[in-house]
Amino acid sequence: MAFIANIKISSLVVFLICFLTFSLHTPTEACHRTDRVALLDFKSKITEDTANMLQTWNQSTDCCIEWEGVACDSHGRVVSVERTGIFGLTSEYSYMNRHMNGTISPSLGKLKFLRYLDLSSHDHLHGIIPLELGKLYHLTTLDLSSNKLGGSIPASFQNLRKLEKLSLGSNHLSGMVPTNIFQHMSSLSELVIYFNQLSGRIPSSIDKLVSLKSFQFQYNSFTGSIPSTIGSLTKLVNLELYHNHISGSIPTSIGELSELQVLRLGQNNLSGSIPNTIGSLKKLVSLDLTDNQISGSIPTSIGELSKLEQLYLSRNSLSGSIPASIGSITALWYLTLDNNMLTGKLPKSIGNLTNLLYLNAQNNRLTGKIPSLVNCTRLEVIYLSYNALSLVKIPSWISKLNLRELNLARTGLIGELPQWLSSTSILYLDLSSNMLAGALPAWLGKMKNLLSFNISNNGFHSDIPVEFKNLSGLRKLDLHSNNVTGGLSSIFFKHYSDSYKFLDLSNNMFVGRIDRDIGNVEAMHNLESLDLSNNRFVGSIPKSLGTLAHNLNIIKLQKNRFTGSIPSEVINLQFLEKFDVSYNKLTGEIPPHKTTFPTSSFQGNSGLCGSPLPPCKTA
């Protein structure tokens, strides 16, 4: 009997759920005439509907029952309109074109019981946002993002007192945000107006947004300072103001945002120091202050951010030493401190950051040795170039990591390259502007993962070893300003090659002719920049370079011993921007060319004539 009773109770529960669900979505009265007329007027302003999203909207059917994207209450009043679009790539191989083109009809303001309006992601909706939308007093969600809407944000929006989500991002909105627009929006939890052209100050009325969790104003032109009242938004989880023109200092009240997880203020004009109160943001996961004018030292309280995973402090005016407390942020996996004025040594405590993937502290004034990071087993990228580190040798513990990128330019390296590099998986290696010397070792050919190799401004001498042909994936090679000799066949004729994009072999002692078919070699097919200047090359400029019309935009051949004429095919490459053959032994008339090159590109060739040099003498 108990079993039967349980079945009856369960059946009753299912019946009640079904009944309630049906009651909420099925009106007891037909669609109200005012609402139907308003929606049909909206449809009349749509000039293109690629996916027939409004096909079911017509006079002969009930808008509450048969119109797609429309929902009503039990009295036949429209409470929800949801017609989102998709325009563009949805995945690597999938393209969707589900959009409406046209303007937003002011008649939508007559849907006075509307709670939910989503017309996002159409890309082709244009015109202004009707101020009549400010009459939708019951609205809780308004999403007009990812369209081409222009004009300003209507001041009438201050009447939307029940609004919980306002999303106007990725449009063409301009002007100032009305000062009092948020005065009565105490229920608003999501505010998104990024990727517009909005300007002026951040409205002072933001302090009324006591329920706000997400505040996204990035990629606009806001000026002025961050209001000190920002600290009253104690429910904030996400605060993004980057890529604006905001000035002044970071208010100390920022430390009162105890729920904050994301704080992005980069690419502004902020000055002053990082407030010590930053250490109070115990839930912070991402902190971005890049590209500002922030000065002073990094506060030791930064070490209290135990959940921090990303710390971006690049391109500021920070000074003093890197606090040892940074080693306490064991969740950290991305750390950028580059392009500041930091001094002292890298703290040994960085070796405690066992989750670290990316370390960039280049372009500072750091000294001393690099502490062992052998315990940072996940580390993939080290950028420490342009510091006064006096390394002498590349630390051998690096051989125990699975690095992808290693940049140690101008860090005091001397002597020869260590052979253990040949067994690493490094893709990008920059050891330029040091005092490395000796012959280029044959074992370099074993570094088959290399995509970019820069050893310019060193003292290497010898021919290019034939094993260089094994660097099949190499796309960027910079050997300029060494004493490398011999020919270039080991560079140009790679085995099973990917194409180069950048080749700088200038300021060396290379000799001989350039193969006349060099433009047809597979390794050159995607070349964008070629610099062979200041060597000892002879012979003619290969006409085959003219086959590289799709990408090649820089050719620098000056200060060699090239002879003959300038091939018309080469000087007229479609995307050629820089062309320099000065100080060779070229002769004949400079071929007519579409791109304007300065006289300096041709000077020092006594046998050359024609524009931009003086005209050729006629017989």
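What you see is a predicted model; the values in this text were computed from it and never measured. (Residues numbered from 1 in each chain as written. Predicted model: local features only at pLDDT ≥ 70, side-chain atom pairs only at ≥ 80, totals over all residues. Heavy atoms only, no water.)

Undergrad: Whenever I open this one, the overall build of the protein chain confuses me. Can you help?
TA: The secondary structure content of the protein chain amounts to four helices and 45 strands. Over its C-alpha trace the protein chain gives a radius of gyration of 33 Å, far above what one expects of a compact globule, namely 25 Å for 619 residues. Dimensions of the protein chain along its principal axes, counting C-alpha atoms only, are 95 × 70 × 60 Å. Evaluated residue by residue, the protein chain yields a buried proportion of 51% over its 619 residues. Total accessible area computed for the protein chain in this model is approximately 27400 Å², and 51% of it derives from carbon and sulfur atoms. Taking the average place of the 52 positive charges on the side chains of the protein chain and the average place of its 44 negative ones, the gap between the two points comes to 5 Å. (Helix = DSSP H or I, 4+ residues; strand = E, 2+ residues; numbered from the N terminus. Rg over C-alpha atoms; globule rule 2.2 N^0.38 Å. Buried < 20%, exposed > 50% of the residue type's maximum accessible area, 1.4 Å probe, protein only. Areas by Shrake-Rupley, 256 points an atom, 1.4 Å probe, with all protein chains shown as cover. Lys, Arg positive; Asp, Glu negative; His and termini not counted. Charge placed at Lys NZ, Arg CZ, Asp CG, Glu CD.)

Undergrad: What should I look at first to understand the UniProt feature "domain: Leucine-rich repeat-containing N-terminal plant-type" (unreviewed entry) in the protein chain in this one?
TA: The UniProt feature table records "domain: Leucine-rich repeat-containing N-terminal plant-type" (unreviewed entry) at residues 34-73. Annotation note: span residues 34-73, helix share 28%, strand share 18%, distance between end C-alpha atoms 14 Å. (UniProt positions renumbered as here; feature names shortened; annotations may be inferred.)

Undergrad: How should I be thinking about unusual backbone geometry in this particular structure?
TA: Trans is the prevailing form of peptide bonds, just as negative phi is the prevailing case for residues other than glycine. Look at the link from Ser611 to Pro612: it is a cis peptide, with omega at 10°. Here Pro612 shows up in the segment after β45 (607-609). You will see that Ser170, though not glycine, has its phi angle at about 55°, which is positive. In this structure, Ser170 sits in the loop between β10 (165-167) and β11 (174-176). The phi dihedral of Val392 is positive, around 70°, even though this residue is not glycine. Inspection of the secondary structure puts Val392 in the loop between β28 (381-383) and β29 (405-407).

Undergrad: When you look at the pairing of strand β32 (residues 435-439) in this model, what are you seeing that I'm missing?
TA: Pairing of strand β30 (residues 414-415) with β32 involves two bridges; the strand directions are parallel. Bridged to Gly415 within β32 is Leu436. Where β32 and strand β34 (residues 459-463) come together, three bridges link them in parallel fashion. Residue Ala437 lies in a different strand from β34, and its bridge partner there is Gly459. (Pairing = 2+ DSSP bridges.)

Undergrad: How should I be thinking about the pattern of salt bridges in this particular structure?
TA: Pairing is possible between side chains of opposite charge, provided their charged atoms come close. One pass over the structure, following the stated rule, counts 13 salt bridges. The salt bridge partner of Glu259 is Lys283, with a shortest N-O separation of 2.8 Å. Of this pair, Glu259 sits in the loop between β17 (247-249) and β18 (262-264) while Lys283 sits in the loop between β19 (269-271) and β20 (286-288); the two residues are 24 residues apart in sequence, bridging distant segments of the chain. Overall, the relative accessible area of 34% leaves Lys283 in the partly exposed class. Here Asp291 and Arg315 are joined by a salt bridge, their closest N and O atoms 2.8 Å apart. With a gap of 24 residues between them, Asp291 in the loop between β20 and β21 (295-296) and Arg315 in the loop between β22 (310-312) and β23 (317-321) connect regions that are remote in the sequence. Three or more residues are tied together by salt bridges with common partners; here these are Asp291, Arg315 and Asp338. (Salt bridge = Lys/Arg side-chain N within 4 Å of Asp/Glu carboxyl O.)

Undergrad: Help me out: how do you make sense of the nonpolar core in this one?
TA: What tends to happen in soluble globular proteins is that the nonpolar side chains get buried as a cluster. The biggest cluster of nonpolar side chains holds 168 residues, and the ones touching the most others in it are Phe157, Phe215 and Ile491. For this core, the secondary-structure elements that each account for two or more residues are α2 (33-44), β2 (70-72), β3 (78-82), α3 (489-492) and α4 (568-571). Considering every element that reaches this core, the biggest residue donor is α2, with four residues. Excluding residues that lie within four positions of it along the chain, Phe215 makes contacts with Leu191, Ile202, Ile206, Ile230, Leu233, Leu236, Asn238, Leu239, Glu240 and Leu241. (Core = buried A, V, L, I, M, F, W, Y, C linked by side-chain atoms within 4.5 Å. Contact = heavy atoms within 4.5 Å.)

Undergrad: How should I be thinking about the sheet that holds strand β13 (residues 197-201) in this particular structure?
TA: With respect to topology, three strands assemble into an open sheet ordered β11-β13-β15, the strand pairing being parallel. If you trace the sheet from one side to the other, it starts and ends with β11 and β15 (221-223), each paired once. Taken over all neighbouring pairs, the strand axes of this sheet differ in orientation by 10° on average, direction set aside. Judged from the three bridges that link them, β11 and β13 form a sheet pairing that is parallel. Within the sheet, the bridge partner assigned to Gly175 lies in β13 and is Leu198. (Axes fitted to C-alpha atoms, helices over the stretch in contact; angles between N-to-C directions.)

Undergrad: Looking at this structure, I do not really get the packing of aromatic side chains. What am I missing?
TA: Taken as a whole and assessed by the stated rule, the structure comprises 15 aromatic pairs. Between Tyr334 and Tyr358 the ring centres are 4.2 Å apart and the planes differ by 5°, which places this aromatic pair in the stacked class. Separated by 24 residues along the polypeptide, Tyr334 in strand β24 (residues 334-336) and Tyr358 in strand β26 (residues 358-360) bring together distant segments of the chain. Classification of Tyr358 by relative accessible area gives buried; the value is 16%. (Phe/Tyr/Trp six-rings, centres within 6.5 Å; stacked < 30°, edge-to-face > 60°.)

Undergrad: What's the story with the sheet that holds strand β38 (residues 509-513) in this structure? I'm lost.
TA: In space, the nine strands of this open sheet follow the order β30-β32-β34-β36-β38-β40-β42-β44-β45, with parallel pairing throughout. Only two strands of the sheet have a single neighbouring strand rather than two, namely β30 and β45. Across three bridges, strand β44 (residues 585-589) lies against β45 in parallel orientation. Within β45, the residue paired with Gly588 across the bridge is Leu608.

Undergrad: When you look at the confidence of the model for the protein chain in this model, what are you seeing that I'm missing?
TA: Detailed reading of the predicted model is not advised wherever pLDDT is low. Overall, the prediction assigns the protein chain a mean pLDDT of 93, with 94% of residues at 70 or greater. The low-confidence segment residues 1-25, where pLDDT is below 50, has one contact with residues more than four positions distant or belonging to other chains. (pLDDT = per-residue confidence, 0-100.)

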